[in-house]
Amino acid sequence: MSRRIFLQGAGSGLLLAATGLWRTPQAAAAEAATYQLENKFISLSGAYGKLTRFACDPTGSGQYEPTVFGSVFLGATDFFDAGFNNGVTCTASDTALSLAGIQLPSTMNLQQRQLNSPVPLSAGQTLGQSFTATMYRFSRVGGQFPTWSSQNSALTMTLYAGTPETGLTEIVSRDVNPVQDNGWAYLDVPDQPAGAYYLEISHRSGTPGWWSRLGGTSVDVGGSAYNNRQVQADRTMTIEVAGFNVDGIASWDLKLSGRNLTMTYDIQWQNEPRSDPGLTLNTSWLRDGYSVAAADGVLFNRFYGDRGDYMPAEQLKRRDAWTNPVSGSKAVTASGSGPYDLRITGTEPVLDGTMTAESMAMTLNSGSADTEQAISRSLAMEVQPHSDALPEVFPVFVASDQHRATQLSTFYWERALSYRFSGHAMDWADWEGRILDWTATAGSRAQADSLLSTQLEEDGYVWSWPDSPAWPFPDPTLFDARHFTSNAMYVLGAWRYYSWTGDSEFLAAMLPRVRRAMSFYLDSLGGKSGIVTITSPDHSGRDGSLASNYWDITSFGYQDAYLNAYFYGALEAMAQLEDHVGNATIADELRSVRRQARQRYNQVFWDDAAGRYVQTIDADGVAHDYGSTYVNLEAASFGLPTEKQAARIFDWLDNGHTELRDAVVLIESGGLAPTIEAGHSLGQSFTANAEFTSVAARFPTYGKRGAAFTMSFYQGLPGETSVKIAEQRFTDWSDGQVAHIDLPKQPPGVYYLEVSQVTGTLAWWSSATTVPGATAYSDGRPAPDASTRFVAALGDYVEGPADIYSKWVFAPRSTTRRNSYWFFLTHLTTPWGDEVQDGGAILYTSGFDVMARARYRSADDAWARMTTILDRWSEPDHICGGAPLFRGESTVGSPGGSSVGTDIPFPESGLAPASFLYAFIGVEAEPDALVITPNLPSKLANAGVRHLRWRGRQLDLLVTRNTVTLTGNGLAIKRRYKPGHSVRVPSSELE
């Protein structure tokens, strides 16, 4: 069925492919069984307990737009036809319909999938299995069939009512040609009632059979296996029967009044209490491509709730399900791409959905997960003329350039408010505070709840994950998987929330906790010296060590520049809180540490030759620098670099080249992983056709850690005149790591890498695939069980293009130098730029980019960057949705790559549009005041934000080149300022 046919009013069974409760499509409702209701605003019709037409005219003249919903029904699955719901009764008047006797189904499947004995099916023979169906109805039955590798076997499947002993009545039959070896094949049947049945197969060609279980099974199918209709004792054939029961009986009342449709439904569950199943509303959709136009079947281009939830249609494109539900306190709205919107009211309504290529199945319920024996719910839909206006809970940016302001507002809603905040890891706390704390949205309070619920260890370490001290990977029972930025984020998040809200109860609860969190840095990690140092052995900062912060596969650790930038920011936040509660002496001490932290940061992490900050100094004193744009930009946003250092950072970002590294040899993993036994060795030879400067191999450990081994590298082959070039001992090895040896530049030639002196569990990824000039070895001789083993030889770095910004446009590359080994998990086989953390890009960094440029360069420089981002956002994908994005980008979580992160699962993406508030309007909340430092670019005469939430008041803020105006909720403040100076509005002025 095409989208055009749907738009003309057809389409009643669109949900089948999108739900888990499958059934055979039944006959369409007969004309005599339909019911209708309309009043020139809304036109409804349906049959068997569902609506099959829902059309609207916002003008009330009866000229209905194309059908907005092709079907609307209770529950999650369409069982509303003569085969299941022919007992529904309807009472109608001019304005109302009352439907009663609606049956709601749930799945009930009979499955016997245990097997150990394939039974051949010979010509002229039959095999069968009887079974007892105890469900209300079933509509599919099948079995699993071997062919002994034959590609041209065929059989006939037949379902009978009864058994060979009681008599058989054929229901349906079909040929299976060809039979897929060891595959399942099914018969789709009209809905069948409970009872005894017999599934039989007969031979057509080839060598088909039926898998069975000889001996007892844990499944009682209520029948017997048969061969030529003779019972086979102690055998059960594989079988699957897909069916459903009647779980509940419902009534549904619909009433029209002008623009409004009121719907009330009552459900009585037959057995145990259940939660509200809500309604399913099927509408037209276009999953692929980038269009969100009504002409292409996308009838709603955004969804929003009255608490600040927002979902753009662009984010749902090229995806199979909504990325997050949209909820409201009293109302949610489906905003039309045509002339009308649908406003849905009820008790905490929630919209969610799934998509197929040309349909969207939206779910609508009350948002309550409470189970009740009897459900009673009321919802109302109002047809409104389309409007771009949103409820006042949504912040709105304003500026003399209204076009850009409108773009910024929409960009902000799409990124900041399309993610539900029911709790998050502490690595996000400061970011979500920057994005949400100044709003009246539900996300602001959820941020506070997350901070209040996060636990601390006895020493003050703040848990990284909501329910665990450690990050969820790698296995925290084997590794110290903590992220040490969580404490700084915790302090900053608490400071921001209190500064914006003035919530005294929150501060009273949090102040002792944030003091403990800061003490962890100062006392346990040496922060009083000005630099936090992670002493955990798993966080050494060496190649292959664990991540220590949000960048969760990059090694970092020991003296971590990313962590220390946030430590620096947290020191001032903590000092302000101490000042606020009258602890001036402690505040002075914290600021003294902060001054020392800035000095030491610029000594420890600054690389003068490269003109940027490195990422880490490891436990051996070795600097790791892969051109991290995010480390440099986030450090600059906190004011860490000097003016001279900042100039060099931005010169590198704006004019620098990427640094690339090619694999001279790369023999990838196969499906083999032979262990290396104590006293034995495994090896791999290869032929290099160019110079190289490192050699590496990948070793699994079968989930264990602690293995140790020696890796030796030779020029030449074993048994010949070989020369040892290098040797290195590796200890405490674990899965996923790559062992490598850095080398003096090696010429082209034949080489041999060997692993020996192994203790613990260690294997080498290997393959049966041959590679010219390469041979796998065992104990110095060609291996009998593998042809090649994973090995890489990498060349020197070479200068790449000047594409730090031009590659992804919406954000700089995350790193500008190919990272081959400084990962906890290997990415040797991932091409440059195909991994977010190695040359890819993530949108949130653009927020810090804009803020840092406004701080160090100029407002014009920052505005140029912002408008470039907005120009990319204005392209059809709005930098979101499934892969590929409009310019071909591959998004994290999509098949085939993870080059960029732009929306889900990255709520921090909201920092990009939110930076307008900080970089140009120049607003920041402190515990005692609202501080505004305008920084307008030359192209803007004014800028501001409406619906700013500060200390419980909703305010409008506007800055010009010489004035700051703050109005709303009885407040009217207008102050003049000089460029570069701040206007400080004490919180006492609200009293």
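Residues numbered from 1 in each chain as written. Predicted model: local features only at pLDDT ≥ 70, side-chain atom pairs only at ≥ 80, totals over all residues. Heavy atoms only, no water.

### Points about the overall build of the protein chain
Our working rule: Note on conventions: DSSP H or I runs of at least 4 residues are helices, E runs of at least 2 residues are strands, and numbering of each starts at the N terminus. Throughout, radius of gyration means the C-alpha value; the globule benchmark is 2.2 Å times the number of residues raised to the power 0.38. Contact criterion: two residues are considered in contact whenever any of their non-hydrogen atoms come within 4.5 Å of each other. Each accessible area is a Shrake-Rupley result for a 1.4 Å probe, and residues are judged covered by the shown protein chains and nothing else. The positive count covers Lys and Arg only, the negative count covers Asp and Glu only, and His and the chain ends enter neither. To locate a charge, take NZ of a lysine, CZ of an arginine, CG of an aspartate or CD of a glutamate.
When helices and strands are counted, the protein chain shows 14 helices and 53 strands. By the compact-globule yardstick of 30 Å for 991 residues, the protein chain fits well, its C-alpha radius of gyration being 33 Å. In terms of principal-axis extent, the alpha carbons of the protein chain reach across some 90 × 90 × 50 Å. Counted over contacts in the protein chain with a minimum sequence separation of 6, partners at least 24 positions apart contribute 70%. Total accessible area on the protein chain stands at roughly 36200 Å², and carbon and sulfur atoms take up 48% of it. Averaging the coordinates of the 76 positive side-chain charges in the protein chain and doing the same for the 105 negative ones gives two points 4 Å apart.

### Quick word on the packing of aromatic side chains
Cut-off, in case you're wondering: Aromatic pairing here means that ring centres of Phe, Tyr or Trp (its six-membered ring) are within 6.5 Å. Orientation follows from the plane angle: under 30 degrees is stacked, over 60 is edge-to-face, and everything else is tilted. Only protein chains enter the calculation, and the probe is 1.4 Å; a residue is then buried if its accessible area is under 20% of its type maximum, exposed if over 50%, and partly exposed in between. Only when the NZ of Lys or the CZ of Arg is both within 6 Å of the ring centre and within 35 degrees of the ring normal is a charge said to sit over the ring.
A complete count under the given rule lists 69 aromatic pairs for this structure. Centre to centre, the rings of Phe131 and Tyr197 are 5.8 Å apart; their planes meet at 20°, and the pair counts as stacked. Residue Phe131 is found in strand β8 (residues 126–145), and its partner Tyr197 is found in strand β11 (residues 183–205); the two are separated by 66 residues along the sequence. Here Phe131 matches Tyr197 in class, with each residue buried. Look at Trp428 and Trp471: their rings are 5.9 Å apart centre to centre, the planes differ by 15°, and that puts the pair in the stacked class. Here the residue Trp428 occupies a position in the loop between α3 (402–416) and α4 (429–436), and Trp471 occupies one in the loop between α5 (442–453) and α6 (486–501), the gap between them amounting to 43 residues. Look at Trp471 and you get buried, because its relative accessible area is 3%. The ring of Trp184 has Arg113 lying over it, and the distance from NZ or CZ to the ring centre is 4.3 Å. Lying across the ring of Tyr498, Arg951 places its NZ or CZ 5.4 Å from the centre.

### What about the environment of Glu358?
Here Glu358 is to be found in the loop between β24 (350–355) and β25 (359–365). Taking the relative accessible area as the measure of exposure, Glu358 reaches 29% and is therefore partly exposed. Here the alpha-carbon distance between Glu358 and Ala96, two residues 262 residues apart in the chain, equals 31 Å.

### Some words on the nonpolar core
Definition in use: Put simply, buried Ala, Val, Leu, Ile, Met, Phe, Trp, Tyr and Cys residues joined by side-chain atoms within 4.5 Å make one nonpolar core.
Residues Tyr412, Trp431, Tyr562, Tyr844, Phe916, Leu930 and Leu957 are the most contacted members of the largest nonpolar core, which totals 151 residues. Per-element tally for this core: the top contributor is helix α8 (residues 561–580), with 13 residues. With residues near it in sequence (within four places) discarded, Trp431 still touches Met489, Tyr550, Tyr562, Tyr566, Glu634, Tyr844, Phe848, Glu908 and Leu911. Listed in part, the 55 residues of the second largest apolar core include Ile42, Ala250, Met263 and Leu286.

### Comments concerning the confidence of the model for the protein chain
In low-pLDDT regions, the fine details of the predicted coordinates are not to be read closely. Using the following cut-off: Within a predicted model, pLDDT stands for the predictor's per-residue confidence, ranging from 0 to 100.
Taken as a whole, the protein chain shows an average pLDDT of 93; of its residues, 96% reach a score of 70 or greater. Contacts of residues 1–32 to residues separated by more than four positions or lying in other chains number 85 contacts, the stretch itself having pLDDT below 50.

### Regarding unusual backbone geometry
A cis amide bond links Ala883 to the next residue, Pro884, at an omega of -5°. With respect to the helices and strands, Pro884 occurs in the loop between α13 (859–873) and β46 (900–901). Geometrically, the link from Ile904 to Pro905 is a cis peptide bond, its omega value of 5° lying close to zero. Positive phi outside glycine occurs at Tyr702, with the angle close to 55°. Within the secondary structure, Tyr702 sits in the loop between β35 (692–698) and β36 (707–715). Notably, Arg951 is not glycine yet its phi reads approximately 50°, a positive angle. Among the secondary structure elements, Arg951 is positioned in the loop between β49 (943–950) and β50 (953–959).

### Quick look at the sheet that holds strand β47 (residues 923–926)
Selection rule: Here, any two strands with at least 2 DSSP bridges between them count as paired. Helix axes are fitted only over the stretch in contact, all axes being lines through C-alpha atoms; the angle between N-to-C directions runs from 0 to 180 degrees.
Strand order in this open sheet of three strands is β47-β48-β53, and the pairing throughout is antiparallel. The open sheet has two free edges, formed respectively by β47 and β53 (983–986), since each of these has just one partner strand. For this sheet, the mean inter-axis angle between neighbouring strands, taken without regard to orientation, is 20°. Sheet analysis places strand β48 (residues 929–932) next to β53, joined by four bridges and oriented antiparallel. Across the sheet, residue Ile932 finds its bridge partner in β53, namely Val983.

### Digging into the side chain of Ser712
Stated precisely, the cut-off is as follows: Polar contact criterion, stated in full: a pair of N or O atoms within 3.5 Å, where within protein one must be able to donate a hydrogen and the other to accept it, and residues adjacent in sequence count only if both atoms are side-chain atoms.
Note on placement: Ser712 falls in strand β36. A polar atom in the side chain of Ser712 sits 2.8 Å from the side chain of Glu727. Ignoring anything within four residues of it in the chain, the contact list for Ser712 reads Ala726, Glu727, Tyr752, Leu753 and Glu754.

### Some thoughts on α3
Inclusion rule: Take the number of residues in a helix, subtract one, and multiply by 1.5 Å to get its expected span.
Taking 1.5 Å of rise per residue, the 15 residues of α3 would be expected to cover 21 Å, and the 20 Å separating its terminal C-alpha atoms lies within 8% of that figure. The complete set of buried residues in α3 reads Arg404, Ala405, Gln407, Leu408, Ser409, Thr410, Phe411, Tyr412, Trp413, Glu414, Arg415 and Ala416.

### Observations concerning α8
For α8, with 20 residues, the first-to-last C-alpha span of 29 Å sits near the 28 Å given by 1.5 Å per residue. The buried fraction of α8 amounts to 17 of the 20 residues, a majority that puts the element mostly inside the structure. For α8, the capping residue at the N-terminal end is Asp560, with a side-chain oxygen 2.8 Å from the backbone nitrogen of Tyr562. Gly582 sits one or two positions beyond α8 and adopts a positive phi of about 90°.

### Observations concerning the side chain of Ser814
Inspection of the secondary structure puts Ser814 in the loop between β44 (791–799) and β45 (841–842). Of note is the side chain of Ser814, whose polar atom sits 2.5 Å from the backbone oxygen of Val836. Setting aside residues no more than four positions away along its own chain, Ser814 makes contact with Trp551, Gly627, Ser628, Thr629, Tyr630, Val836, Gln837, Asp838, Gly839, Gly840 and Ala841.

### Quick word on the sheet that holds strand β38 (residues 738–746)
The sheet built from four strands is open, its strands ordered β33-β44-β35-β38 with antiparallel pairing. Strand pairing shows two members of the sheet lacking a second neighbour, β33 (659–667) and β38, which therefore form its edges. Averaged over all neighbouring strand pairs, the angle between strand axes comes to 25°, with direction disregarded. Where β33 meets β44, seven bridges bridge the pair, whose relative direction is antiparallel. Within the sheet, the bridge partner assigned to Leu660 lies in β44 and is Val798.

### Some thoughts on the pattern of salt bridges
The following threshold applies: Between Lys or Arg on one side and Asp or Glu on the other, a salt bridge is scored when a side-chain nitrogen of the former is within 4 Å of a carboxyl oxygen of the latter.
Taken as a whole and judged by the stated rule, the model has 47 salt bridges. For the salt bridge of Asp430 with Arg434, the shortest nitrogen-to-oxygen distance reads 3.1 Å. You can see Asp430 and its partner Arg434 sitting in helix α4, four residues apart, about one turn around the helix. This pair shows no difference in class: Asp430 is buried, exactly as Arg434 is.

### So, the packing of α6 against helix α7 (residues 504–524)
We apply this condition: For this classification, under 35 degrees means roughly parallel, over 145 means roughly antiparallel, 65 to 115 means roughly perpendicular, and everything else is oblique. Two helices cross in a left-handed way if the nearer one is turned anticlockwise from the farther one by less than a right angle. They cross in a right-handed way if the turn is clockwise. Just so you know the grouping, Ala, Val, Leu, Ile, Met, Phe, Trp, Tyr, Cys and Pro go in nonpolar, Asp, Glu, Lys and Arg go in charged, and all remaining residues, Gly too, go in polar.
Their axes nearest at 9 Å, the elements α6 and α7 cross at an angle of 155°. In terms of orientation, α6 and α7 fall into the roughly antiparallel class. Both α6 and α7 take part in a crossing whose hand is left-handed. Touching Ser486, Asn487, Ala488, Tyr490, Val491, Ala494, Tyr497 and Tyr498 of α6 are Ser504, Phe506, Leu507, Met510, Arg513, Val514, Ala517, Phe520 and Tyr521, all from α7. Taken together, the residues of the contact of α6 with α7 break down into 13 nonpolar, three polar and one charged.

### Notes on the packing of α7 against α8
Two elements in contact, α7 and α8, have axes separated by 11 Å at closest approach and are oriented at 140°. One way to sum up the angle between α7 and α8 is to call them oblique. Relative to α8, α7 is oriented so that their crossing is left-handed. On the side of α7, the interface is formed by Leu507, Leu511, Val514, Arg515, Met518, Tyr521 and Leu522, while α8 contributes Leu563, Phe567, Ala570, Leu571, Met574, Leu577, Glu578 and His580. Residues belonging to the contact of α7 with α8 are distributed by class as follows: 12 nonpolar, one polar and two charged.

### Observations concerning the state of the cysteines
The test is simple: Cysteine sulfur atoms are paired as a disulfide whenever they come within 2.5 Å of each other.
Counted under the stated rule, the structure contains zero disulfides. Summary of cysteine pairing: Cys56 is not part of a disulfide, and the nearest cysteine sulfur, belonging to Cys90, is at 20 Å. When its relative accessible area of 0% is taken as the criterion, Cys56 is described as buried.

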